[in-house]
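Listed below are the residues making up each chain.
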Amino acid sequence: MPKLSDVTRGRILFGGDYNPEQWPEETWHEDIRLMRDAGVNSVTMGVFSWAKLEPRPGERDFGWLDTLMDLMHTAGIGVVLATPTSSPPPWMGRLHPDTLPRDADGRTEWWGGRQHFSHSSATYRRYAAAITEDLAARYADHPALTLWHINNEYCTFDHGDEAAAAFRRWLRDRYGTLDALNTAWGTAFWGQGYDCWDGILPPRRTHYLKNPAQVLDFRRFTSDMLLECFTAERDIVARHTPHIPVTTNFMPLWTGQDAWRWAEEEDIVSVDLYPDPRDPLGPQHGALVQDLTRSQARGPWMLMEQAAGPVNWRGVNHPKPRGLGRLWSLQAVARGADAVCYFQWRQSRQGAEKFHSGMVGHAGERGRTYQEIRRLGAELALIGPEVAGGRIRSDIAILHDWHAWWAGAQEGRPSTEVDHPALLHAWHRALWESHLTTDFAHPEHDLSGYKLVVVPQLYLLSDTAIENLLAHVRGGSALVCGFMTGVADEDDRVRPGGMDVRLRELFGIRTLHEWWPLDAGETVACDGFRGTLWSEEIEAAPDVTETVRYKGGELDGLPAVLRKGQAWYVSTLPEPEALRGLLARVAADAGVRPVLDNVPPGVEAVRRGDLLFLLNHGRESVTVECPGTHRDLLTGTTVMDEITLGRYGAAVLGP
Ligand code: GAL
């Protein structure tokens, strides 16, 4: 199986999406000059080129791409070649309206934007396969080709008629009989029993709440249909170029794809990451997405897109202050990226993203953005040989599962204040701030390598996953679970007692009487801290080893946190400092050490291979203790016992 290291060959890939079709040919030469000057060694082309490559049905215009592939090769720049299938040409929707998706209200998503394709449309799939076939055949032997990039950020839903037929097929495969489907969906409720397959629809607009099991299956189906689109194109390119790796770029923590499953189908895992430069927790969001992507990749991964400056899709779009782009790029490298790429190379002058930054902004070569890109390119070239391929070791895994997220995020739940990604962020943040490096894992993955497993929330757990958690604790390792975990089975059926009995025994919960969700901003007092979002009326079993109790209010004296041996249950969301303290203690008990001690606030410490990355996310200089003698790869100087990092400063320390 081809790998990322086949492409990087001891370098860090540096570059971005390049859309030369938006520019006259003289600009291409200028671009290549600037790319070389900035140390760009990789460009992604063709992402949105379908209308250019196939201007009329069945016609082909590859001439311009031939020229660019040759130019890139001559310049020593590798090409990540994209299949253009995320934005079909306007003629397709016009001639084949069946290729257009429909939303839950039956409204068509027309051309004029992008991603206006129905994943279930046989016509779309036929055209997509044909252009992919011709692209792959044409460039299979081109020396500039380094990697295939399939489609772009698969993220669409379709409630149309062809999708409905595909949904029925998918359901037949899953359930076999209508009886089994009716049982799984609990259609006895509200008289929803189906008498024939043809009666089943995607969850279109309804008068009141939808059947949650139907919605859950529709999410599973959507992820699977998009994955079919991906694998169909992947198989075509792989047939032509078995030695060239294939990826598709994920959106960060995107709800629409079961990215664990998807990652298994990719040679390389890549992600697009756009933290808000103004968000004080932007770096932590970045770290979370990077940890998740690395875990999906089970090793080095690609940062396929980030912004060199502002994006244009927030309400107010802030630029990156001087130094921040470099810092966040080094953060990605610290957390396992072997590619630092951007959307896009040259900022557009027209179209929907003309106010989205590029590596070369409207200010051009003299602009601060390009100048910072140049400096970063040189630094990545410097550290690449020592960093690329390096592994990150973690003794902690945070568990995350898309199906649990989908099931738990439905209408009709106890509290709309509870948000799965927000919980993941809260728990990851507690560990991140303590410099405890974490992987992510699926609840059914092999957890034996981890001393501590952390479950912010897994509302839905399969029996296999539950047995996996039990085995983890039985094996002597630690487990901490947040509230609303193990509530439902795979059909979103509430388990007897409101939480799986095996888990209740594991944590020493005798009875779970009621959930007491909290209003926005409301807190609940516990011994030594305040809880937010949620509380629970729990009766502890006699064999519990430790409890922290609710204080005052309706739950006064009842357990808020329970511990039985190595298994902890946290029935509220402790405020950040308390959660940090709790997890630091559990980690220490489990024998997990932070990357570095005495790290000042705002500084992130990560170890990749035998390199120590220190990243100052603050605007003030700060001195960091790092006992011993180190080589600073970025400056070439020797560092002894401590180092001062300026505003947004970074150091990469080697032995
Ligand atoms: C990504 C997308 C790019 C560009 C970018 C802007 O979602 O893949 O094509 O639109 O966002 O931030």
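Above this text you will find the structure in question.
**Brief notes about the overall build of the protein chain**
When its secondary structure is counted, the protein chain shows 18 helices and 26 strands. Relative to the 2.2 N^0.38 estimate, which gives 26 Å for 655 residues, the radius of gyration of the protein chain is 26 Å and therefore close to what a compact globule would have. Overall, the C-alpha framework of the protein chain stretches about 75 × 75 × 45 Å when taken along its three principal axes. The proportion of buried residues among the 655 residues of the protein chain is 59%. Within the protein chain, contacts between residues separated by at least 24 positions form 72% of all contacts whose residues are at least 6 apart in sequence. Total accessible area on the protein chain stands at roughly 25700 Å², and carbon and sulfur atoms take up 50% of it. In the protein chain, 66 positive and 88 negative side-chain charges are present, and the distance between their average locations comes to 3 Å.

**Some thoughts on the packing of aromatic side chains**
Tallied over the full model, the rule gives 25 aromatic pairs. Ring centres 5.9 Å apart and planes at 50 degrees place the aromatic pair Trp515 and Trp534 in the tilted group. Separated by 19 residues along the polypeptide, Trp515 in strand β14 (residues 509-515) and Trp534 in the loop between β16 (529-532) and β17 (536-540) bring together distant segments of the chain. The class of Trp515 is partly exposed, set by a relative accessible area of 27%. Seen from the ring of Trp23, Arg346 lies directly overhead, with NZ or CZ sitting 5.4 Å from the centre.

**Thoughts on empty space enclosed by the protein**
In total, this model carries four cavities of 30 Å³ or more according to the counting rule given. Taken as a whole, the largest cavity spans an internal volume of roughly 70 Å³. Lining the largest cavity are 13 residues, with Phe250, Met251, Leu253, Leu292 and Gln296 sitting closest to its centre. Of the residues forming the lining of the largest cavity, the biggest block, four residues, is contributed by helix α11 (residues 282-297).

**Considering the pattern of salt bridges**
Taken as a whole and assessed by the stated rule, the structure comprises 48 salt bridges. Between Glu54 and Arg60 there is a salt bridge; the shortest N-O distance is 3.3 Å. On the basis of relative accessible area, Glu54 is assigned to the buried category, the value being 1%. Between Asp291 and Arg335 there is a salt bridge, with the nearest N and O atoms lying 2.9 Å from each other. Here Arg335 lies in the loop between α12 (324-334) and β9 (337-342) and Asp291 lies in helix α11, a separation of 44 residues in the sequence.

**What about the packing of helix α4 (residues 63-75) against helix α6 (residues 122-139)?**
Put simply, α4 and α6 touch, their axes get as near as 12 Å, and they point 40 degrees apart. Looking at the two axes, α4 sits oblique to α6. The element α4 and its partner α6 pack so that their crossing is right-handed. On the side of α4, the interface is formed by Leu65, Asp66 and Met69, while α6 contributes Leu135, Arg138 and Tyr139. Taken together, the residues that form the contact of α4 with α6 break down as four nonpolar, no polar and two charged.

**Here we look at the sheet that holds strand β2 (residues 42-45)**
With parallel pairing, the nine strands of this open sheet are ordered in space as β5-β4-β3-β2-β1-β9-β8-β7-β6. Of all the strands in the sheet, the pair left with one neighbour each is β5 (246-247) and β6 (249-250). In terms of strand pairing, β2 meets strand β3 (residues 78-82) through four bridges, oriented parallel. Within the sheet, the bridge partner assigned to Met45 lies in β3 and is Leu81.

**Re a nonpolar patch on the surface**
The grouping of Phe189, Trp190 and Tyr208 at the surface amounts to a nonpolar patch, some 400 Å² of accessible area in total. Tracing the sequence through the fold places Phe189 in the loop between α8 (178-185) and α9 (212-240). According to the relative accessible area criterion, Phe189 is exposed, its value standing at 52%.

Criteria and thresholds
Residues numbered from 1 in each chain as written. Predicted model: local features only at pLDDT ≥ 70, side-chain atom pairs only at ≥ 80, totals over all residues. Heavy atoms only, no water. Helix = DSSP H or I, 4+ residues; strand = E, 2+ residues; numbered from the N terminus. Rg over C-alpha atoms; globule rule 2.2 N^0.38 Å. Buried < 20%, exposed > 50% of the residue type's maximum accessible area, 1.4 Å probe, protein only. Contact = heavy atoms within 4.5 Å. Areas by Shrake-Rupley, 256 points an atom, 1.4 Å probe, with all protein chains shown as cover. Lys, Arg positive; Asp, Glu negative; His and termini not counted. Charge placed at Lys NZ, Arg CZ, Asp CG, Glu CD. Phe/Tyr/Trp six-rings, centres within 6.5 Å; stacked < 30°, edge-to-face > 60°. Lys NZ or Arg CZ within 6 Å of the ring centre and 35° of its normal. 1 Å grid on protein atoms, 1.4 Å probe; cavity = no way out; pocket = protein on both sides within 12 Å on 5 of 7 lines; lining within 4 Å. Points joined across faces, edges and corners; volume = space filled by probe spheres on them. Salt bridge = Lys/Arg side-chain N within 4 Å of Asp/Glu carboxyl O. Axes fitted to C-alpha atoms, helices over the stretch in contact; angles between N-to-C directions. Parallel < 35°, antiparallel > 145°, perpendicular 65-115°, else oblique. Left-handed = near helix turned anticlockwise from the far one by under 90°. Nonpolar A, V, L, I, M, F, W, Y, C, P; charged D, E, K, R; others polar. Pairing = 2+ DSSP bridges. Patch = residues over 30% accessible without salt bridge, like charges linked within 9 Å, V, L, I, M, F, W, Y side chains within 5 Å.

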